[in-house]
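Here is what each chain is made of, one letter per residue.
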Amino acid sequence: MPAPNATAQLKELEVLAKAAPADALAGYEDLLQRATAGTLPGQDGLHAKEVAIMKIGELLAGQKNATGLTEHIKRSRGLFGDIAKAKTTKFIKGLIDMYGSIPGSLDLQVQVCKDCIEWAVAEKRVYLKQALETRLAGLYLDNKMYSDSLALIGSLLKELKRLDDKNVLMEVQLLESRAALTSARTSANSIYCPPLMQAALDLQSGILHAEDRDYKTAYSYFYEALDGFSSQEDKKAVSTLKYLLLCKIMLNLSEDVHSIITSKLGLKYAGSEVDAMKAVATAHQNRSLLEFEQAMNRYQDELRNDPIINFHLDALYDTLLEQNLLRVIEPFSRVEIAHVAELVKLPTPQVEAKLSQMILDHVFHGILDQGAGCLVVFEEPIHDKTYDDTLETIKNMNAVVESLYEKAAQLS
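From a predicted model like this one, the values you see are computed outputs, not experimental measurements.

Caption draft 1: Quick peek at the overall build of the protein. Per the secondary structure count, the protein includes 21 helices and three strands. Taking 412 residues into account, the globule formula puts the C-alpha radius of gyration at 22 Å, and the protein, at 27 Å, lies well above it. When the backbone C-alpha atoms are referred to their principal axes, the protein occupies close to 75 × 65 × 55 Å. In the protein, which comprises 412 residues, the share counted as buried stands at 42%. When contacts within the protein are restricted to residue pairs at least 6 apart in sequence, long-range pairs at least 24 apart make up 58% of them.

This is the structure:
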């Protein structure tokens, strides 16, 4: 039957891709040709086609073959007729993103993205067109084409607001702020920039880097912004100090918060705003959910009403809850969920949902026995490295054989 053959071939090619990428590439192309020709009918052929399209792209990107990847994308567009539109969007975006691992291919990536947008318009695939235009705006930004990026974002925002697509709209708005900020920083480098304006640019840069979870870089920008605002006695210095302390907390350096607060600069802006961050840092250092919630309730105006602080503290609360649950369940192999909830002083449904998410995210190994209302925790499985080491050995041997073959060909 065709199904087992295709499934078995996919498994063989996956192993072969690690040891001999060139041979695997030929195998995937053959499989794609068979699936397209209809020799692998039904779901088996569709699955084989989907996997082959992406694997060929990955292998070409691994070989740094930008031209080959471009041809593959153009050829693949005609194969998406029987694939769901949502999957098609995911595949094309994934293939275009593969240029990221090929040095010097940014211009080609821009051109391919434009070609795919034209194809999406011709095929009346609106969602794909919007997704690709968002990607193109990002590529313009990477290519320092700020005017083109902002112009494309402007037209895209009008369309997204009309369609009320909140997820893509949020992504494009964030991209717009980055493009505008980068353009502004470029302009500031070529002229004299007043201290307050420079501090405002540094503050915005820090906020965007914090949004990307790059708290170390964000801290550097907030420090420069704080220095600028403080020298001009600007009231924004207090909120900037809060963001600077937030970065230390998010970097698991809560002990540094206390030293900053007691420094000359920290004492200058002492007050409820700084006290709020000190309370959060203490709760984080003690890994106490109760103290964290007390701080959030006590300093609601300083924390909850600041959208930037509120966004990051929600993520911090989630991390803190995860750490507390791991600490509580560590001694157990089987424990009632209600007992865990009692220990962390949270509602049972909330704890159950979080434990379920942690299991799915492989934070720990276990199952929820909902019939008995228990959590069953398994031992951490021992990873056998023999398989990985064998594949690495085969890969190295393949490289040696290819090198010897090339030298022998030169001698002959």
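So that's the structure; there's more coming.
Caption draft 2: Broad picture of the pattern of salt bridges. Counted by the stated rule, this structure contains twelve salt bridges. Across the pair Lys-248 and Asp-256 runs a salt bridge whose closest N-O atoms are separated by 3.3 Å. For Lys-248, a relative accessible area of 13% translates into the label buried. Arg-304 is the partner of Asp-314 in a salt bridge, and the nearest nitrogen-oxygen pair spans 2.9 Å. Within this pair, whereas Asp-314 is found in helix H18 (residues 307–329), its partner Arg-304 is found in the loop between helix H17 (300–303) and H18, the two being separated by ten residues in sequence. Via salt bridges that share partners, Lys-242, Glu-273 and Asp-306 belong to a single interconnected network.

Caption draft 3: Focus on the pairing of strand S2 (residues 366–369). Bridging between S2 and strand S3 (residues 374–377) involves four bridges; their strand directions are antiparallel. Across the sheet, Ile-367 pairs through a bridge with Val-376, a residue of S3. The turn linking S2 back onto S3 is made up of four residues, and Gly-373 within it adopts a positive phi angle of 70 degrees.

Caption draft 4: Representation of the layout of surface pockets within the structure. Taken as a whole, the largest pocket encloses approximately 220 Å³ of empty space. The wall of the largest pocket is formed by Leu-326, Ile-329, Glu-330, Phe-332, Ser-333, Phe-364, His-365, Val-377, Phe-378, Glu-379 and Glu-380. Split into classes, the residues belonging to the lining of the largest pocket amount to six nonpolar, two polar and three charged.

The rules behind each value
Residues numbered from 1 in each chain as written. Predicted model: local features only at pLDDT ≥ 70, side-chain atom pairs only at ≥ 80, totals over all residues. Heavy atoms only, no water. Helix = DSSP H or I, 4+ residues; strand = E, 2+ residues; numbered from the N terminus. Rg over C-alpha atoms; globule rule 2.2 N^0.38 Å. Buried < 20%, exposed > 50% of the residue type's maximum accessible area, 1.4 Å probe, protein only. Contact = heavy atoms within 4.5 Å. Salt bridge = Lys/Arg side-chain N within 4 Å of Asp/Glu carboxyl O. Pairing = 2+ DSSP bridges. 1 Å grid on protein atoms, 1.4 Å probe; cavity = no way out; pocket = protein on both sides within 12 Å on 5 of 7 lines; lining within 4 Å. Points joined across faces, edges and corners; volume = space filled by probe spheres on them. Nonpolar A, V, L, I, M, F, W, Y, C, P; charged D, E, K, R; others polar.

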